[in-house]
Amino acid sequence: MNIETIDVNNSIGIVSEVLCGHDKRKGVLVSTLHKIQADNGYLPEDVLRSLSKKLAISLAEIYSVASFYKQFHFSPRGKKIVRVCKGTACHVRGAAKVETALIDRFHIKAGETTPDLKLTLETVGCVGCCGLAPVVTINEDVMGTIGPKKIKHLITVIEEEGVAHGEN
């Protein structure tokens, strides 16, 4: 996203007639952060600095807003986002073993990305598929009942070239 092309009044429409300048600029912040992340895969610091200057909003305020929302990321992420459910049902049924197998295989901890940017490993509180516990998602695809035998298949799916459904 070209920061210089941001038109605050156009971006927020008729509301711009009511708001003062600072509120107008804050009004486009979240949607602009979404566009920046869509272009880059994350929120690069240099782009946020440019945004800070363009909108006359402090960098601290931009980071405060962006860090409030879980969907924003400040470092590059992998092509495949693998999430291990750590909800109660998944925990009871062996999610820790699944997570350990992935950590051992890919040499990254939850919250980290492989150096080649092929994989980001995360944990989540609940996927909402408790009947399939333990559950792992690969981008938007759900894999359930990941027992000892299915862990090898899970790793194979993760290592396959291409991207799981739901990613470009």
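This text goes with the structure placed above it.
Given the structure is predicted, the values throughout are model-derived calculations rather than measurements.

Undergrad: Could you give an account of the overall build of the chain, naming the residues involved and the relevant values?
TA: A tally of helices and strands in the chain yields 8 helices and 5 strands. In the chain, the succession of α and β elements from N to C terminus is α-α-α-α-α-β-α-α-β-β-β-β-α. Expressed as a percentage of its 168 residues, the buried residues of the chain come to 38%. Partitioning the contacts of the chain with sequence separation of at least 6, the portion at a separation of at least 24 is 63%.

Undergrad: So what's going on with the layout of surface pockets? Which residues, and what values?
TA: Put simply, the second largest pocket is a space of about 280 Å³. Sorting the residues of the lining of the second largest pocket by element identifies α7 (95-106) and α8 (148-159) as the ones contributing at least two each. Classifying every residue of the lining of the second largest pocket gives 4 nonpolar, 2 polar and 8 charged.

Undergrad: Tell me about the packing of α7 against α8, and name the residues and values.
TA: Running from amino to carboxyl end, α7 crosses α8 at an angle of 45 degrees, the nearest separation of the two axes being 11 Å. Between α7 and α8, the angle falls in the class oblique. Crossing hand, α7 versus α8: right-handed. Facing α7, whose interface residues are Lys97, Val98, Ala101, Leu102, Arg105 and Phe106, α8 presents Ile151, Leu154, Ile155, Ile158 and Glu159.

Undergrad: Any details on the nonpolar core? Residues and values, ideally.
TA: Within the largest apolar cluster, 24 residues are counted, with the highest numbers of intra-cluster contacts made by Val82, Leu102, Leu154 and Ile158. For this core, the secondary-structure elements that each account for two or more residues are β1 (80-85), α7, β3 (119-124), β4 (136-138) and α8. Those residues in contact with leucine 154, other than ones at most four positions away along the chain, are Val98, Leu102, Val136, Ile138, Met143 and Ile146. In terms of nonpolar packing, the next biggest core, distinct from the first, is built from 14 residues, Leu29, Leu51, Ile57 and Leu59 among them.

Undergrad: I'd love a proper account of the pairing of β3, names of residues and values included.
TA: Burial analysis of β3 places 5 of its 6 residues in the buried class, which makes it a mostly covered element. Sheet analysis places β1 next to β3, joined by 6 bridges and oriented parallel. What sits directly across from lysine 80, in β3, is leucine 119. Alignment of strand β2 (residues 112-113) against β3, held across 2 bridges, turns out to be antiparallel. Across the sheet, residue threonine 113 finds its bridge partner in β3, namely threonine 120. Where β2 folds back onto β3 in an antiparallel hairpin, the turn is made up of 5 residues, including leucine 117, whose phi is positive at roughly 60 degrees.

Rules of the game
Residues numbered from 1 in each chain as written. Predicted model: local features only at pLDDT ≥ 70, side-chain atom pairs only at ≥ 80, totals over all residues. Heavy atoms only, no water. Helix = DSSP H or I, 4+ residues; strand = E, 2+ residues; numbered from the N terminus. Buried < 20%, exposed > 50% of the residue type's maximum accessible area, 1.4 Å probe, protein only. Contact = heavy atoms within 4.5 Å. 1 Å grid on protein atoms, 1.4 Å probe; cavity = no way out; pocket = protein on both sides within 12 Å on 5 of 7 lines; lining within 4 Å. Points joined across faces, edges and corners; volume = space filled by probe spheres on them. Nonpolar A, V, L, I, M, F, W, Y, C, P; charged D, E, K, R; others polar. Axes fitted to C-alpha atoms, helices over the stretch in contact; angles between N-to-C directions. Parallel < 35°, antiparallel > 145°, perpendicular 65-115°, else oblique. Left-handed = near helix turned anticlockwise from the far one by under 90°. Core = buried A, V, L, I, M, F, W, Y, C linked by side-chain atoms within 4.5 Å. Pairing = 2+ DSSP bridges.

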